[in-house]
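What follows is the residue order along each chain.
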Amino acid sequence: MTVSLVVFTDLDGTLLDNETYGFEPANQALHALKKKGVPVILCTSKTRAETEAISRQLGLKHPFIVENGGAIFIPRRYFTSEQLKTAGYKLKPKGNYLAIELGFPYQQLRRFLVNIREKSKLQVKGFGDCQLEEIARMTGLSLREARLATRREYDEPCWLEDPAEVRLFRQKAREAGLKVVRGGRFFHLTANNDKGRAVRLLKKLYRQKFGRIISLGLGDAANDWPMLKEVELPVLVARPGRQLVELKNFPEKIYKTKKTGPAGWAEAVNYWLKAAQIEERS
Ligand SMILES: [Mg+2]
């Protein structure tokens with residue numbers, strides 16, 4: 001019986017270099033997946049505008065997950081309406097996509113942030129408080145890319161003046177029905193969505209489309225953890241000079257790369273392609 005491989009991947013620090021945002025070292029492995037007809041699903045804290053641009057650069061035409069599982073964007077006609085029914089979610093037409101929204105609207109997250117700053121002494125700031133230039137400087141993005149990063153719909157990247165206050169911040173968020181997760185560069189304020197829930201939903205749709213599937217997931221930070229728990233072949237991509245102390249209880253079978261960023265991505269994809277003997281889908 002044929003088993004189809006489906007790949008879920010984080011972007012920053014995983015498929016993209018954390019500093020340069022380049023993906024050249026992953027090109028060959030990416031090409032190998034495309035040749036085998038393996039869908040590569042971007043699963044990121046980036047916005048739809050950013051992810052759409054990167055998806056185009058990578059030559060991908062698959063669904064993608066944005067803003068830490070805030071929404072799944074599915075190209076129209078990618079799944080049949082019969083297959084989509086099994087998702088059990090309302091599909092919202094948005095541009096060239098059908099969106100499954102799992103997060104809260106961005107304005108709601110902003111209201112919480114502004115409110116908590118006024119009421120408690122928490123010195124917390126987010127993208128919504130910053131000029132474009134400031135975001136470009138913090139992230140190393142160009143002004144044009146930074147503009148795409150500010151088009152947020154379901155997640156607010158944020159940071160604390162005093163990192164020791166993160167516990168209080170988490171607690172306040174929880175009381176408001178929200179959540180704070182750590183990404184590679186920032187904390188992220190979201191609703192109760194996460195990358196794992198979005199991956200679970202897409203896996204269900206791919207099972208409708210392909211039959212039996214095996215999923216490979218690649219990430220480098222704490223916000224990838226829920227995604228890595230949902231896949232059969234989890235990969236932790238190494239980060240330059242930094243340990244991930246927050247990641248506990250690794251699944252036994254997790255593949256930890258030696259190389260960092262896109263080179264580590266390629267290392268793991270090539271490893272699994274060989275080990276799992278993934279055949280081309282006819
Ligand atoms: Mg990352």
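Structure first, text after, so check above.
Keep in mind that this is a model prediction, so the values were computed, not measured. The residue count restarts for each chain, going from 1 along the sequence in the order it is written. Totals for whole chains, interfaces and linings use every residue, but because this is a predicted model, local features are given only for residues with pLDDT of at least 70 and side-chain atom pairs only at 80 or more, for both listing and counting. Note that the side-chain values use all heavy atoms of the structure and ignore hydrogens as well as water.

Thoughts on the coordination of the magnesium ion
And then number 1: Nitrogen, oxygen and sulfur within 2.8 Å of a metal are treated as its donors, or within 3.2 Å for sodium, potassium and calcium (Na, K, Ca); water is not counted, so a site can appear incomplete. In this structure, Asp-10 (OD), Asp-12 (O) and Asp-220 (OD) serve as the protein donors to the magnesium ion, at separations of 2.2 to 2.3 Å.
And then number 2: Going along the chain, you hit the donors of the magnesium ion in the pattern D-x1-D-x207-D. Placement of Asp-12 in the loop between strand E1 (4–9) and helix H1 (27–35) and of Asp-220 in the loop between strand E11 (213–219) and helix H9 (225–230) is noted, with a sequence separation of 208 residues between them.
And then number 3: You can call Asp-220 buried: its relative accessible area is 1%. Helix and strand definitions follow DSSP, with helices as H or I runs of at least four residues and strands as E runs of at least two, each counted in order from the N terminus. Summary of the burial criterion: residues with accessible area below 20% of their type's maximum are buried, those above 50% are exposed, and those between are partly exposed, where the area comes from a 1.4 Å probe applied to protein chains only.

Some remarks on the sheet that holds strand E2 (residues 40–43)
And then number 1: Pairing between two strands is assigned when DSSP locates at least 2 bridges connecting them. As summarised here, the arrangement of the nine strands in space is E5-E6-E4-E3-E2-E1-E11-E12-E13, forming an open sheet in which the pairing is mixed. Unpaired on one side and paired on the other, strand E5 (92–94) and strand E13 (255–260) mark the two borders of the sheet. Each neighbouring strand pair of the sheet contributes to a mean axis angle of 25°, computed without reference to strand direction.
And then number 2: Two strands pair when backbone bridges link them, and strand E3 (residues 64–66) and strand E4 (residues 71–75) are joined in this way by three bridges, in the antiparallel orientation. Residue pairing across strands places Ile-65 opposite Ile-72, the latter belonging to E4.
And then number 3: Helix-sheet contacts for helix H2 (residues 48–58) involve E2, E3, E4, E5 and strand E6 (97–101), and the interaxial angle to E3 is about 150°. Between the N-to-C directions of two axes lies an angle of 0 to 180 degrees, each axis being a line fitted to C-alpha atoms and, for a helix, fitted only over the stretch in contact. What makes two residues a contact is simply this: any of their non-hydrogen atoms within 4.5 Å.

As for the pattern of salt bridges
And then number 1: Criterion for a salt bridge: a side-chain nitrogen of Lys or Arg within 4 Å of a carboxyl oxygen of Asp or Glu. Applying the stated criterion across every chain, the model contains 19 salt bridges.
And then number 2: With its nearest N and O atoms 3.3 Å apart, the salt bridge here joins Lys-94 to Glu-101.
And then number 3: Relative accessible area serves as the criterion here: at 27%, Glu-101 is assigned to the partly exposed category.
And then number 4: Of the charged contacts, one joins Arg-200 and Glu-230 as a salt bridge, the two residues approaching to 2.7 Å between their closest N and O atoms.

Shape descriptors only; they carry no functional weight alone.
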